[in-house]
Amino acid sequence: MLRIATASGAAQKPMPLQIELDSRPAILPLYFRALTARKSGCPGPAQESVLASVSLCDQAIDPQHLNGYRDVCGFAPGHQVPATYPFVLAMPLQLKLLVSEAFPFPVLGVVHTRNRIVQHRPMRESERLDIRCELGAPVPVKRGYEFELVTRVHVGEALVWECISTLLSRVKHPDGKKARPAVEVKGVNRALDFNMDTAEKWLVPADTGRRYGRISGDRNPIHLSAPTAKIFGFPRAIAHGMWTKARCLAALEQGTYAGKLPDQFALDVKFIKPVFLPAEVHFQWATGDDVTGFAVSSGAGKRVHLSGQIAHD
């Protein structure tokens, strides 16, 4: 069901697009729209901080799908849901916002630059979830326009999980448009201040993008194979950023946190350079009183792919 709200009265202004779904949208038609939709590439004046929203209620978790996600990302079996898993459930909703008339930019070429997940309490795979995603208004920055996709998950009346994905569309500003300075994420940068004297080597297979794509539904050609990635200017397929983030969380859970993450935490990452598949990378981490910083790098630490931190009280 689709509902578009408009203000009443003489001085009407556009209201955010509101989409209510009865089931998860199919991915392939959304990708087709992403490939074929004509977008202006130039946002109008933002009259609302939220341009559009989409909601999907009373969703059950498929245990087989969850176990497949655990397997491809390296999580141990258990009854609690990995904190990165709801992102996979919400991905079709986010894509529906990006192909909607509310989003002014071409979807192809949009880059995921930062991601923040806040777990308010662990989710159990038996619980039913209400998912809502919001598309924030684009803001001009030096390299184009940044915007946020904000996702929240409720169980009943309780907010249990939220995520802020910051994305970049590399389009030119209209004449006279002032760009704000690039925003630095304090927590993510602070992680790099640690003396990361611990490390483990990961061998990331060439089929990682295809395996994660089957589970997540994110079958962007840049992740699937070298031939399809070359069409978009990449020498080889690249790993999904959210797979890399999930793999970091799985490693921390089984290592530093000895199988028991805190019930409440914030997990921030900054995506810096792509991981070309297959790859040999190093995962480094260091722990403080209430925060653990981590990074994924290659080339003896010269190329940093991802940096981040997990913080808790």
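Residues numbered from 1 in each chain as written. Predicted model: local features only at pLDDT ≥ 70, side-chain atom pairs only at ≥ 80, totals over all residues. Heavy atoms only, no water.

1. A short note on the nonpolar core
Okay, so step 1: Ranked by size, the top nonpolar core spans 80 residues in total, and within it Y69, L135, F283 and F294 carry the most contacts.
Okay, so step 2: Per-element tally for this core: the top contributor is helix α3 (residues 85–98), with ten residues. (Core = buried A, V, L, I, M, F, W, Y, C linked by side-chain atoms within 4.5 Å. Buried < 20%, exposed > 50% of the residue type's maximum accessible area, 1.4 Å probe, protein only. Helix = DSSP H or I, 4+ residues; strand = E, 2+ residues; numbered from the N terminus.)

2. A look at the packing of aromatic side chains
Okay, so step 1: The final tally for this structure, using the stated rule, is nine aromatic pairs.
Okay, so step 2: Three or more aromatic residues joined by ring pairs form one cluster here, namely Y69, F75, Y85 and Y212.
Okay, so step 3: Stacked on the ring of W202, the Lys or Arg R247 has its end atom at 4.5 Å from the ring centre. (Phe/Tyr/Trp six-rings, centres within 6.5 Å; stacked < 30°, edge-to-face > 60°. Lys NZ or Arg CZ within 6 Å of the ring centre and 35° of its normal.)

3. Quick word on the packing of helix α1 (residues 27–36) against α3
Okay, so step 1: Two elements in contact, α1 and α3, have axes whose closest approach is 10 Å; the angle formed by their N-to-C orientations is 30°. The orientation of α1 relative to α3 falls into the category roughly parallel. The element α1 and its partner α3 pack so that their crossing is left-handed. Touching I27, L30, Y31 and R33 of α1 are M91, P92, L95 and K96, all from α3.
Okay, so step 2: Residues that form the contact of α1 with α3 fall into these classes: six nonpolar, no polar and two charged. (Axes fitted to C-alpha atoms, helices over the stretch in contact; angles between N-to-C directions. Parallel < 35°, antiparallel > 145°, perpendicular 65-115°, else oblique. Left-handed = near helix turned anticlockwise from the far one by under 90°. Contact = heavy atoms within 4.5 Å. Nonpolar A, V, L, I, M, F, W, Y, C, P; charged D, E, K, R; others polar.)

4. Thoughts on the pattern of salt bridges
Okay, so step 1: Going through the model one piece at a time under the given rule, you end up with eleven salt bridges.
Okay, so step 2: Across the pair R128 and D58 runs a salt bridge whose closest N-O atoms are separated by 2.7 Å. One end of the pair, R128, is in the loop between β4 (111–119) and β5 (129–136); the other, D58, is in strand β3 (residues 50–59), and 70 residues separate them in sequence.
Okay, so step 3: We note a salt bridge from R132 to E134, for which the minimum N-O separation is 3.3 Å.
Okay, so step 4: On the basis of relative accessible area, E134 is assigned to the buried category, the value being 18%.
Okay, so step 5: When salt bridges with common partners are traced through the structure, they connect R132, E134, R152 and E162 into a single cluster. (Salt bridge = Lys/Arg side-chain N within 4 Å of Asp/Glu carboxyl O.)

Spatial relationships are all this shows, so hold off on functional conclusions.
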